[in-house]
Amino acid sequence: MSKRDRTRETGFSLIELVMALAIFLIVCGVAFEMLLGAMKRYHDDSQLLNSFQEARFGLDQMVRDVNDAGFPPRNQFEAGVTPAVNLYAATAFAWSGTSYPNTPCTIGTNCVTPSDYDLIVETEINPNGPAPHTVQWVRYKLIGTTLYRGVLDKSASPSADPDALTSGTDVLVPYVQNVMNNPPAAQLAALQAVYPAMYPGGNPVPMFQYFCESVPQPRACSDPLASTNDPTHVVGVIITLIVQAPTTEMQTGVPRLVQLKGQGRRINPN
Amino acid sequence: MKARKKTRRKSEESGIALLLSIFVLLLVCVVGIAMLSASGTESSLTGNYRSATAVYYAALSGLEEGRGRLLPRNPDYLGTTVLPPTLPLGHVIYIKNPLPGDPPSTIDPTNLGNPATFPDTEYATEFPGYSPPSNVQIVSSAPTITSPANSPNPLYKWVRINALTENALQINVNCSGGGGCGSGGFNTNALIYYDGTNLTRTVTQYQALEVTALGALPDGSRKLLQYVVATTKLQIPIAAALTLAGPGTPGYVLSFNPPPSATSYYINGNDQSGGGGLACAPLPALPGVGVYNASDYTSIDGTLSTPPPRAGHYTGAGGATPNVSSSPYVHPSNSTVDMTDPFSLTNFVQTIQGSADAVVAGPATGSDMPGAMSFSNPMTVVVNGDLSLSGFTGYGLLVVTGALTYTGDSGWKGIVLVIGQGAMHEVGSADGGEFDGAVFVANTNGGGGGGGGGGGISLGDAIYTVQNPGGKGIYYDSCWIAQARRPVSYKVLSFHEIPYP
């Protein structure tokens, strides 16, 4: 073989180049498709996680407020003195109406709050802050699909209605969005179809479940066997948040929900 | 020459493949990193939640250890050397809880300059005049808490136990200072006490204490929680030497069958105060037998009067015999238990059980009673079910939820509460035993109809039967009653979370 023939063998034919280019493009296309898919998923997941993180922070705060509910109790002052009612927590969980704080309502019957989607915690948020130390009402209320939170200094008036005073839009501010515990009926049906276990019986899911003092152990306040079922006897609150991500599942298009649960325990005595 | 050509061709052919490989590898890496990043965010979110919950419960476990170790009857009691009867200001107890294998020096709450050893920065804020504390007692976490096999060590770092002031509490407890209850100017030197219901600056027998715990996880999560606690004794309202509680409604009148001809059986409401072996200042007499209503009074008084077995054997306040009162019970303000309410009584039994020295499942006998119980070491014993005593004398507080059956040579020094089935029977022909203190019998299993407490239940009819000779009977003894009311727990008076830097 001559030197020229040998040199020709070292190059590529046009077909080889076209084939190589085609394979290269196919590989690149597949790879980019995967990359774009991953990036979109990453973006969607980030949104999902942001939503859930926001919900988780909200849930943690609610649990913390329930744990601290009722601080400071009346017993922190001497029996013979008469502190203003806003200097101590008359009860861990305030209720609605002018009967507060003397005659508690019945949970599940005539309590506007506390109820499945509404809770007012009575506590001193910053007990180590500068004096004077006053108690606050911290309200959590689900309106539509937005969970609102409001903080208001407790009124010094013994007959003030915590429900009325904390209902205003100047008190309640949006706290967690896309909360799907109690969505409109059509939306609930659609969500229940996708997440049947999350909505047992196709019913809304209470955000707050209350446990009351009972014998021999606390029972759900709604349980007919519970010995007590009023806000002054609530010893625990199970908080359930169902949150929907802003975007749907990329491939199936179904809404993405996550259920978060927390439990707060009231320790302070009434 | 041939070999050189071969090498050259080989290197030219591998060029594009190498580039392609590198490129594809890069793409795969990018995709992989993106996926890792997404799952990493998820992991950290889950981890944050777990930390927040775990550190809360870690600190809470520290608070509970601190509270539990204040109580003398607990096995890991701190002891009077570490915990004097009254804790002065400047005297601080730290319970340190290093991780297994770590030296105790990894925790030093008094070293405020070293954040790595979990300094107690809160103390100086609460006690500006007593920082650093003049007396620091350091003890280790209780081995019964940290050593059980396969149980993880609670992740709290330290627990501080100390006296309490208004400044530490940030509450003007007695509203002094001229500015009213809401004014600042918290007292920094006066100890805070507990009067049974409220904190007070007046000296009482119960000092209020502060228990503070720092929970810390390896990931850096920290949480500082605080209790205010004070010891409590069971407030058991005693209204008569023998109280038979019942509704007195038709069909539910009390049943009391005294020994018909006994010569040694007495029920005496006059304070024996020493007759039972303990000496103390006598208290005013109580009724010998107390019931809650006219129907029961008529029944019991009639039983003890006609035919007259020995009406004079039933003595007490006022001197009349047989000494029966139809309204001996007044609900005292310092007691949370309402002795007329079955729901309250049932709760009360649960409370006692929660702090009992021994809880025995019935049916039980004297041999099931705790062996350490003695005249000098009275105990709180709860029997869930029936109890039969034969030739047995117990000491302290006895609660029986079933029927209490005893022979005449048995007795109890202290308080006997038969709450539940509400049935008490003396059987056999033995004699010589006696009850010094008080006996209370209530049927909370219901049936009386009308009124009552929660759950729509009301008291049923209590039963007390005594055969002949019946033993020596029941004697009101305030000394033994006081002895039976031992400190049962350190009650949590308040709880809150404190920001930790």
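Above this note sits the structure.
Because the structure is a prediction, the values reported are computed rather than measured.

K.L.:
Explain the overall build of chain A to me, using residue names and the numbers behind them.
P.N.:
A count of helical and extended segments in chain A gives 4 helices and 9 strands. Here chain A, with 270 residues, has 38% of them falling under the buried criterion. Taking contacts inside chain A between residues at least 6 apart in sequence as the whole, the part at least 24 apart equals 63%.

K.L.:
Now, about the overall build of chain B: what can you tell me, with residues and values included?
P.N.:
Scanning chain B from N- to C-terminus turns up 7 helices and 25 strands. Classification of the 501 residues of chain B by burial places 45% in the buried group. Taking all contacts inside chain B whose residues are at least 6 apart in sequence as the whole, residues at least 24 apart take part in 65%.

K.L.:
Describe in detail the sheet that holds strand 23 (residues 463-466) of chain B, supporting the description with residues and values.
P.N.:
All names here are of chain B. Read across the open sheet, the 6 strands follow the order 9-23-21-19-17-15; overall the sheet is parallel. Two strands bound the open sheet, and with one partner strand each, they are strand 9 (255-257) and strand 15 (364-365). The pairing of strand 9 with strand 23 spans 3 bridges and is classified as parallel. Within the sheet, the bridge partner assigned to Phe-256 lies in strand 23 and is Tyr-464.

K.L.:
Mind laying out the nonpolar core, listing which residues take part and the relevant values?
P.N.:
Note on soluble globular proteins: their nonpolar side chains tend to be buried together. Counting residues in each nonpolar core, the largest one holds 102 residues, and the members touching the most others are A:Leu241, B:Ala59, B:Val159, B:Ala208 and B:Leu209. Take this core: its biggest share by element is 7 residues, from helix 2 (residues 14-67) of chain A. Setting aside anything within four residues of it in sequence, one finds B:Val159 in contact with B:Gly62, B:Leu63, B:Glu65, B:Gly66, B:Tyr94, B:Ile95, B:Val211, B:Thr212 and B:Ala213. Core analysis: the next-biggest nonpolar cluster, separate from the first, contains 73 residues, B:Val289, B:Tyr329, B:Met369 and B:Ala423 among them.

K.L.:
Give me helix 5 (residues 294-305) of chain B: which residues, what numbers.
P.N.:
Each α-helix winds once per 3.6 residues, and so residues spaced three or four apart point in a common direction. Residue and element names in this part refer to chain B. Between its first and last C-alpha atoms helix 5 spans 16 Å; for 12 residues at 1.5 Å apiece the expected length is 16 Å, and the two agree. Looking only at helix 5, the buried set comprises Asp-296, Tyr-297, Ser-299, Ile-300, Asp-301 and Leu-304. In this structure, the buried side of helix 5 is in contact with strand 8 (242-245), strand 9, strand 11 (289-290), strand 12 (314-315) and strand 13 (324-325).

K.L.:
Pulling in residues and values, what's your account of unusual backbone geometry?
P.N.:
A cis amide bond, omega -5°, links A:Tyr100 with the succeeding residue A:Pro101. With respect to the helices and strands, the residue A:Pro101 is situated in the loop between strand 1 (93-94) and strand 2 (118-123). The omega torsion of the bond from B:Thr321 to B:Pro322 falls at -10°, within 30 degrees of zero and hence cis. Residue A:Asn178 is not a glycine yet carries a positive backbone phi of 55°. As for its position among the elements, A:Asn178 is in the loop between strand 5 (172-176) and helix 4 (185-194).

K.L.:
Describe helix 6 (residues 342-354) of chain B, and please don't skip the residues or the numbers.
P.N.:
The first and last C-alpha atoms of helix 6 of chain B sit 18 Å apart over 13 residues, in line with the 18 Å expected at 1.5 Å per residue. Of the positions making up helix 6 of chain B, those classed as buried are B:Pro342, B:Phe343, B:Leu345, B:Thr346, B:Asn347, B:Phe348, B:Val349 and B:Ile352.

K.L.:
A description of the pairing of strand 6 (residues 206-216) of chain B should follow, citing residues and the corresponding values.
P.N.:
All names here are of chain B. Within strand 6, 10 of the 11 residues are buried, which leaves the element mostly enclosed by the surrounding structure. Examined bridge by bridge, strand 3 (residues 156-163) and strand 6 share 7 bridges and lie antiparallel to one another. The partner of Ala-163 across the bridge, within strand 6, is Leu-209. With 2 bridges connecting them, strand 4 (residues 193-194) and strand 6 associate as antiparallel partners. Pairing of Tyr-193 across the sheet is with Gln-207, part of strand 6. Summarising the sheet, strand 6 and strand 7 (residues 222-233) pair through 9 bridges and their orientation is antiparallel. By the bridge assignment, Gly-215 is partnered in strand 7 with Lys-223. As consecutive antiparallel partners, strand 6 and strand 7 are separated by 5 residues, and within that stretch Gly-220 has a phi angle of approximately 100°, a positive value.

K.L.:
Describe the environment of B:Gly62, naming the residues involved and giving the relevant values.
P.N.:
Residue and element names in this part refer to chain B. Mapping Gly-62 onto the fold places it in helix 1 (residues 2-68). What makes Gly-62 buried here is the crowd of 30 C-beta atoms within 10 Å. In this structure the C-alpha to C-alpha distance between Gly-62 and Leu-214, which are 152 residues apart in sequence, comes to 7.4 Å.

K.L.:
Please provide a residue-by-residue account of the sheet that holds strand 6 (residues 208-212) of chain A, values included.
P.N.:
All names here are of chain A. The strand order across the open sheet built from 4 strands is 7-6-8-9, with neighbouring strands paired in antiparallel fashion. Here the strands that pair on one side only, and so sit at the sheet edges, are strand 7 (219-220) and strand 9 (255-265). When strand 8 (residues 234-248) meets strand 9, the two strands line up antiparallel, connected through 10 bridges. When the bridges of strand 9 are listed, Ile-242 appears paired with Gln-259.

Each value, and the rule that gives it
Residues numbered from 1 in each chain as written. Chains lettered and ligands numbered in written order. Predicted model: local features only at pLDDT ≥ 70, side-chain atom pairs only at ≥ 80, totals over all residues. Helix = DSSP H or I, 4+ residues; strand = E, 2+ residues; numbered from the N terminus. Buried ≥ 20, exposed ≤ 12 C-beta atoms within 10 Å, placed from the backbone. Contact = placed C-beta atoms within 7 Å. Pairing = 2+ DSSP bridges. Core = buried A, V, L, I, M, F, W, Y, C linked by C-beta atoms within 7 Å. Expected span 1.5 Å × (residues − 1).

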